[in-house]
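Per-entry structural report
If you want the building blocks of each chain, they are given just below.
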Amino acid sequence: MTPPVGQEWEPVCRLEDLEVERGAAALVHGQAVALFRTHDDRVYALANHDPFSRASVLARGIVGTRGEVDFVASPMHKHAFDLRTGRCLDDDHVSVASYEVRIESGVVQVGSRQERRASA
Amino acid sequence: MTERIPRTDPRGTHQRRTLVVVGHGMVGHRFVQAAVERGLTETHDVVVVGEECRPAYDRVALTSYFAASSADELSLLPSGRYDDPRVDLRLGTRVTGVDAEDRTVALDDGTQVRYDALVLATGAAPFVPPVPGRDLPGCFVYRTIEDLDAIRDAAATATSGVVIGGGLLGLEAANALVQLGLETHVVEMAPRLMPVQLDEAGGRTLVRHVEGLGVTVHTGAATEAVLGEEAVTGLALAGGGRVEAQLVVFSAGIRPRDQLARDAGLAVAERGGVLVDEQCRSSDPHVFAIGECAAPGGVMYGLVAPGYSMAEVVVDALLEGAGTFTGADMSTKLKLLGVDVASFGDAFATTPGALELVFADAVAGVYKKLVVGRAEDGGHRLLGGVLVGDASAYGVLRPMVSSGITLPDNPEELILPARSGAGAQLGLPDEAVVCSCNNVTKGEIGSAVALDEDGAHACQDLSCVKSCTRAGSTCGSCVPVVKNIIEEHFAAQGRVVDKGLCEHFSLTRQELFDLVAVHGYRRFDDLVEAHGRGRGCEVCKPVVASILASQFNGHVLGAETKALQDTNDAYLANIQRNGTYSVVPRIPGGEITPEKLIVIGEVARDFNLYTKITGGQRIDLFGARMEELPQIWRRLVDAGFESGHAYGKSLRTVKSCVGSTWCRYGVQDSVGLAIALELRYRGLRSPHKLKGGVSGCARECAEARGKDFGVIATEKGWNLYVGGNGGANPAHAQLLAGDLDTETLVRYLDRFLMYYVRTADRLQRTSAWVEQLDGGLDRVRAVVVDDELGLGAELEAAMVRHIGSYRDEWQATLEDPDKLARFVSFVNAPGTPDPSIAFTTERGQIQPVVPDDGSGAGGGRTPEPVLVAATIGVREQA
Ligand SMILES: Cc1cc2nc3c(=O)[nH]c(=O)nc-3n(C[C@H](O)[C@H](O)[C@H](O)COP(=O)(O)OP(=O)(O)OC[C@H]3O[C@@H](n4cnc5c(N)ncnc54)[C@H](O)[C@@H]3O)c2cc1C
């Protein structure tokens, strides 16, 4: 997970500051980012913006699994987004940005926007 | 059983033999059927002598005769004759004696018939204990269609009747008396009903059901005499008790009709019955006995299935086969007075080391017990059990006892309320006998619905399977399992029906509610681990949170439940389209002092909130940023407000008109009652939101009948309506009970709401819940008003517990830093407001600006109000 050129890792909070299986919003590189901590203590970061309701709310959704996929359900109209990729599980044409995350000495760091294979 | 069809005696030779069957009841008929099917009539002429005036009928279903249009409906041989001409059926004729030396029987029409083989199938007769007065007119037994005709005639002039005997048949007879409109009593000597089959607790549950149907039960009561001069007037009980009745039905057990055998000098068992060996052969090798008149190995069996087995064994013996009868499963399943009752295997846990697993749902009147023992492989196996109120699991459980298979890891699942596909999960082996009456295995049912060589199904549905395999065609108790096996089969071909909540739980809300009640789970993780799969989702997590809240009333943001809460519960406020929240303090009954009104105004002004009066007579403050909620509530709580739960699936408001205090038409104090009810039920988490209303007179200004519960004042008290709502599918509440005093009204409401909370489905509103209940509003009335299940006290106690554990959620949140931690805009910039939230002004108040493209934080502030279109937004406030 080497950060692409031109992007810094930004320390955001301690892992314990995040509730398990719940999200929290953070300001990273000037953007609202939703951080999610899953039951196995992995952390994911998506843009906080729900493209359906156009409100900055994804961090406040319920976290769960669909099959093997960890996802968050938007608190607005319950659209589901894959925590790893930001892909909307209910609508193939929609996705939100996802960010690289790493944990160094208990501190959650958010890196650059992830490349997506299928993105335009 | 090997099947041997002797062909040594071709038809027409002089060596044809004669087989005489005495008795054309259920077992005698089955014997003749089997004899014809298996070719016995190729070598034998069969003479059947039956004392009753009609051919065999379904005695097991005798009680349904009252509902039947004629006796023909029960007939097992409606044409009155067998197709095989070699069977000679002589009805209305009695065998008066057997001469075992000469091998002849004497008939009451004076004729004699010689036999090569004689089969006694004379059944049993009701036992009438030798109490004085037992021969008085008005005394009956319950065995034949003629008995029922006589009882019906006598009931026409009687007002009350009593059944002596609280066993299986006694309760059937009691059912009949109830159906005939008599005030009905049951007198049982043992301390509980059905003492042979049920344990204490099962017997108690049954008494509750039976009494709920209006039957008076006297247990531990011995009958001393039947009273009356010319006819029955009542019963005297030991200890001085008396029961008034003009009709008495004796149902104190049965005795085998073995008199013919006794007179012929054949051996009989100590407790009655023709003593026979494993081939059902009596002490005379030419004489067999089958059914209730027989006692194989000294034991008589008062059920039809063992009799059927005996019939097959004797046909086999006459064909020189090797079939034997070595005892029978005495398991029973019946519907008594509409109550399912089953008892099977070691129901009393007498096996050393046996454990009991009990599920009791007093709300539904269900008692289920499994008796479990150690299997050889170290796992558990089922030894027996008792089911009262819901015996749907019987068909699956009974074969588990006989096949001895190792139980699944969660054996309690077997008795938790039935769910779709139970049979599939339980994985019965193919050789398990599913229908014990007709000895049909799971494998045979499977092949009936399987594709044949031409690619066609032999059977497509249950009725075809029933007629092809006979499974489920006798007592019917295995029908649900047969159905499951068929469904499972079709499901395997791609037709799947799943009634589960979501991919994580194949259970309904009510099933989860029961699991939480039985196991006391307090964490989602434990529940999903034991009974589900995966990590949950936006559907099941809030359901579990709501169930935990209904049962334990912990804080919504408590450590174990905070991650489960849905959008609004998660922040104790209602989210709006731009991600801000609305705040609704409780204003019970819509009554508010000027001081408090001013506080609301000040808070709205200071936090710049949009203010609107709601339909529930309170004030909604919109546009609060999430991180502002604690400060706003600090102000409100300090002024004496508490959460209005506008965000929860819980009680919202109890709306009221101004009532008799001010209104010149009012007849009762509707405001006072509305406030009391709103405070009583505040914070009650439920499957859907709940609203109430109280109107002070019949003008109904509070629109109470548009609420889940509505109260309308009358001159004499209150009328209580339930099951109303507005919204997309409006429903008018229906009258549950009228002219109640306040205390009774509150009692009924406590019961109604708790009954709903316990049994409704996810997001099922009271109207839909009432509608889908078996019996609808009448069922609600039976439970809530008439307390037919005897649950009133329990439901009320649950409500009292709720009331006692109520705390204002917002006050508790403000006092706890852990709960407050969530209320920050950004974890790494708690003081920075979310820049994407922007407002404009309209009619002097703020309104959200929604960015018109999808570009993330875009939008920004729009300083000038822009009127895009003159639309009036309609939105539902959760
Ligand atoms: C109300 C009721 C409910 C029941 N419910 C159940 C149930 O749920 N499950 C269950 O397994 N069992 C039930 N039973 C019991 C079941 O009906 C019997 O086990 C079954 O009928 C026994 O069959 P059988 O042929 O041995 O006797 P029967 O059906 O009684 O037939 C015997 C026949 O022989 C005739 N007979 C007797 N003596 C002579 C003679 N000398 N000459 C000519 N004919 C003679 C009788 O008149 C009678 O017709 C119930 C019984 C009753 C009464």
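1. A closer look at the overall build of chain A
- Assigned secondary structure in chain A consists of zero helices and 11 strands.
- Scanning chain A from its N terminus toward the C terminus, one meets helices and strands in the order β-β-β-β-β-β-β-β-β-β-β.
- Taken across its 120 residues, chain A has 56% of its residues classed as buried.
- Once local pairs closer than 6 in sequence are excluded, the contacts in chain A between residues at least 24 apart make up 39%.

2. So, the overall build of chain B
- The helix and strand inventory of chain B stands at 24 helices and 38 strands.
- Long-range pairs, those at least 24 residues apart, make up 63% of the contacts in chain B with a sequence separation of at least 6.
- Summed over its atoms, the accessible surface of chain B is roughly 37,500 Å², and 50% of this surface lies on carbon and sulfur atoms.

3. Considerations on the pairing of strand E24 (residues 366-374) of chain B
Residues and elements named next belong to chain B.
- Of all nine residues that make up E24, eight are buried, and the element is covered over most of its length.
- As paired strands, strand E23 (residues 355-361) and E24 are joined by seven bridges and run antiparallel to one another. What sits directly across from Val358, in E24, is Lys369.
- Here E24 pairs with strand E25 (residues 380-388) via eight bridges, running antiparallel. Within the sheet, the bridge partner assigned to Lys368 lies in E25 and is Leu387.
- What sits between the antiparallel neighbours E24 and E25 is a turn of five residues, in which Gly378 has the positive phi angle 95 degrees.

4. Some points on the sheet that holds strand E15 (residues 242-244) of chain B
Residue and element names in this part refer to chain B.
- Spatially, three strands are ordered E13-E14-E15 in an open sheet, and the strand pairing comes out antiparallel. Among the strands making up the open sheet, the edge pair consists of strand E13 (223-227) and E15. Averaged over all pairs of adjacent strands, the angle between strand axes in this sheet comes to 15 degrees, irrespective of strand direction.
- Direction of pairing for strand E14 (residues 234-237) relative to E15: antiparallel, over a ladder of three bridges. Looking across to E15, one finds that Leu235 is bridged to Val243.

5. Brief notes about the confidence of the model for chain B
Residues and elements named next belong to chain B.
- Put simply, chain B has an average pLDDT of 87, and 91% of its residues get 70 or more.
- Every residue in residues 1-13 is under pLDDT 50, and counting partners more than four places away or in other chains gives 20 contacts.
- In the model, residues 419-425 has pLDDT below 50 throughout and makes 15 contacts with residues more than four positions away in sequence or in other chains.
- In the predicted assembly, ipTM is 0.92 and pTM is 0.53.

6. Some points on the sheet that holds strand E31 (residues 619-624) of chain B
Residues and elements named next belong to chain B.
- The antiparallel open sheet is built from four strands, whose spatial order is E28-E29-E31-E30. Looking along the sheet, the strands with just one partner apiece sit at the ends: strand E28 (574-575) and strand E30 (610-613).
- With two bridges joining them, strand E29 (residues 581-583) and E31 adopt antiparallel strand pairing. By the bridge assignment for E31, Val583 is matched with Leu621.

7. Re the interface of chain B and chain A
- The interface of chain B with chain A comprises 39 residues on the first partner and 31 residues on the second.
- Summing the contributions of chain B and of chain A, the shared interface buries around 2,800 Å²; its carbon and sulfur component is 53%.
- In terms of surface lost to chain A, no three residues of chain B exceed Arg535(B), Glu538(B) and Val827(B), which account for 23% of the buried area on that side.
- On the surface where chain B and chain A come into contact, there are four salt bridges.
- Every element with two or more residues in the side of chain B that touches chain A is listed here: helix H14 (540-552) and helix H15 (567-571) of chain B.
- Looking at the side of chain B that touches chain A, the element that brings in the most residues is H15(B), giving three residues.
- Of the residues assigned to the side of chain B that touches chain A, the class counts are 14 nonpolar, 14 polar and 11 charged.

8. Observations concerning the packing of helix H1 (residues 26-37) of chain B against helix H6 (residues 304-318) of chain B
Residue and element names in this part refer to chain B.
- Packing of H1 against H6 leaves a shortest axis separation of 9 Å and a crossing angle of 35 degrees. The handedness of the crossing between H1 and H6 comes out as right-handed. Here Met26, Val27, Arg30, Phe31, Ala34 and Ala35 of H1 lie close against H6, whose contacting residues are Val304, Gly307, Tyr308, Ala311, Glu312, Val314, Val315 and Leu318.
- Considering only residue class, the contact of H1 with H6 consists of 11 nonpolar, one polar and two charged.

9. Re the nonpolar core
Residues and elements named next belong to chain B.
- Membership of the largest hydrophobic core comes to 105 residues, with the highest contact counts inside it found for Leu397, Leu512 and Leu677.
- Ranked by the residues each element gives to this core, the list is headed by helix H19 (residues 742-759), at 10 residues.
- With near-sequence residues (within four places) excluded, Leu512 lies in contact with Leu501, Phe505, Leu507, Leu527, Val543, Val544 and Ile547.
- Listed in part, the 54 residues of the second largest apolar core include Met26, Val27, Val287 and Ile290.

10. A few points about the site of the ligand
Residues and elements named next belong to chain B.
- Taken together, 30 residues lie around the ligand, and Val27, Glu51, Glu52, Arg143 and Glu292 are the ones closest in.
- Separating an oxygen atom of the ligand from a backbone N or O atom of Met26 is a distance of 3.3 Å.
- When the ligand is considered free in solution it has 990 Å² of accessible area, and contact with the protein chains removes 95% of it.
- For the shell around the ligand, the leading source of residues is H1, giving three residues.
- Per-class residue counts for the shell around the ligand are 13 nonpolar, nine polar and eight charged.

11. Let's talk about helix H21 (residues 776-784) of chain B
- Three or more residues of H21(B) are buried, namely Gly776(B), Leu777(B), Val780(B), Ala782(B), Val783(B) and Val784(B).
- Taken together, the buried residues of H21(B) touch strand E35 (718-722), strand E36 (734-740), H19, helix H20 (766-772) and helix H22 (792-804) of chain B.

12. A few points about the packing of helix H12 (residues 509-519) of chain B against H19(B)
Residue and element names in this part refer to chain B.
- Their axes nearest at 7 Å, the elements H12 and H19 cross at an angle of 100 degrees. Here H12 lies roughly perpendicular to H19, going by the angle between them. Mapping the contact onto sequence places Arg509, Gln510 and Phe513 in H12 and Val757, Arg758 and Thr759 in H19.

13. What about the packing of aromatic side chains?
Residue and element names in this part refer to chain B.
- By the definition in use, this model includes 14 aromatic pairs over all chains.
- The interplanar angle of 65 degrees and the centroid separation of 5.4 Å between the aromatic rings of Tyr756 and Trp769 together place this pair among those described as edge-to-face. Separated by 13 residues along the polypeptide, Tyr756 in helix H19 and Trp769 in helix H20 bring together distant segments of the chain.
- Taking the relative accessible area as the measure of exposure, Tyr756 reaches 0% and is therefore buried.
- Every member of this aromatic cluster is reached through a ring pair, and the members are Tyr571, Tyr581, Trp633, Trp810 and Phe823.
- The ring of Tyr308 carries the charged tip of Arg30 above its face, separated from the ring centre by 4.0 Å.
- A cation over an aromatic ring shows up here: Arg699 above the ring of Tyr665, its NZ or CZ 3.6 Å from the ring centre.

14. Some points on the side chain of Glu700(B)
Residue and element names in this part refer to chain B.
- Here Glu700 is to be found in the loop between strand E33 (690-695) and strand E34 (709-713).
- Despite its burial, Glu700 remains without a salt bridge, the nearest opposite charge being carried by Arg705 at 5.6 Å.
- Polar side-chain contacts of Glu700 include one of 2.9 Å to the backbone nitrogen of Arg705.
- Not counting residues within four places of it along the chain, the set of residues in contact with Glu700 comprises Ser695, Arg705 and Ile712.

15. Digging into the pattern of salt bridges
Residue and element names in this part refer to chain B.
- For the structure on display, the rule yields 52 salt bridges over all chains.
- As a salt-bridge pair, Glu37 and Arg470 come within 3.3 Å of each other at their nearest N and O atoms. One end of the pair, Glu37, is in helix H1; the other, Arg470, is in the loop between helix H10 (462-469) and helix H11 (479-492), with 433 residues separating them in the sequence.
- Overall, the relative accessible area of 58% leaves Glu37 in the exposed class.
- With a closest N to O distance of 2.7 Å, Arg586 and Glu678 form a salt bridge.

16. Regarding the side chain of Ser74(A)
Residue and element names in this part refer to chain A.
- Its location among the elements puts Ser74 in the loop between strand E8 (69-73) and strand E9 (80-82).
- Here Asp50 takes part through its side chain, which lies 2.7 Å from a polar atom of the side chain of Ser74.
- Residues in contact with Ser74, not counting those within four places in the same chain, are Asp50, Val57, Leu58, His79 and Phe81.

Cut-offs and rules
- Residues numbered from 1 in each chain as written.
- Chains lettered and ligands numbered in written order.
- Predicted model: local features only at pLDDT ≥ 70, side-chain atom pairs only at ≥ 80, totals over all residues.
- Heavy atoms only, no water.
- Helix = DSSP H or I, 4+ residues; strand = E, 2+ residues; numbered from the N terminus.
- Buried < 20%, exposed > 50% of the residue type's maximum accessible area, 1.4 Å probe, protein only.
- Contact = heavy atoms within 4.5 Å.
- Areas by Shrake-Rupley, 256 points an atom, 1.4 Å probe, with all protein chains shown as cover.
- Pairing = 2+ DSSP bridges.
- Axes fitted to C-alpha atoms, helices over the stretch in contact; angles between N-to-C directions.
- pLDDT = per-residue confidence, 0-100.
- Buried area = accessible area lost by both parts, 1.4 Å probe.
- Salt bridge = Lys/Arg side-chain N within 4 Å of Asp/Glu carboxyl O.
- Nonpolar A, V, L, I, M, F, W, Y, C, P; charged D, E, K, R; others polar.
- Left-handed = near helix turned anticlockwise from the far one by under 90°.
- Core = buried A, V, L, I, M, F, W, Y, C linked by side-chain atoms within 4.5 Å.
- Near = heavy atom within 4 Å.
- Polar contact = N/O pair within 3.5 Å; in protein donor to acceptor, adjacent residues only side chain to side chain.
- Parallel < 35°, antiparallel > 145°, perpendicular 65-115°, else oblique.
- Phe/Tyr/Trp six-rings, centres within 6.5 Å; stacked < 30°, edge-to-face > 60°.
- Lys NZ or Arg CZ within 6 Å of the ring centre and 35° of its normal.
- Lys, Arg positive; Asp, Glu negative; His and termini not counted.

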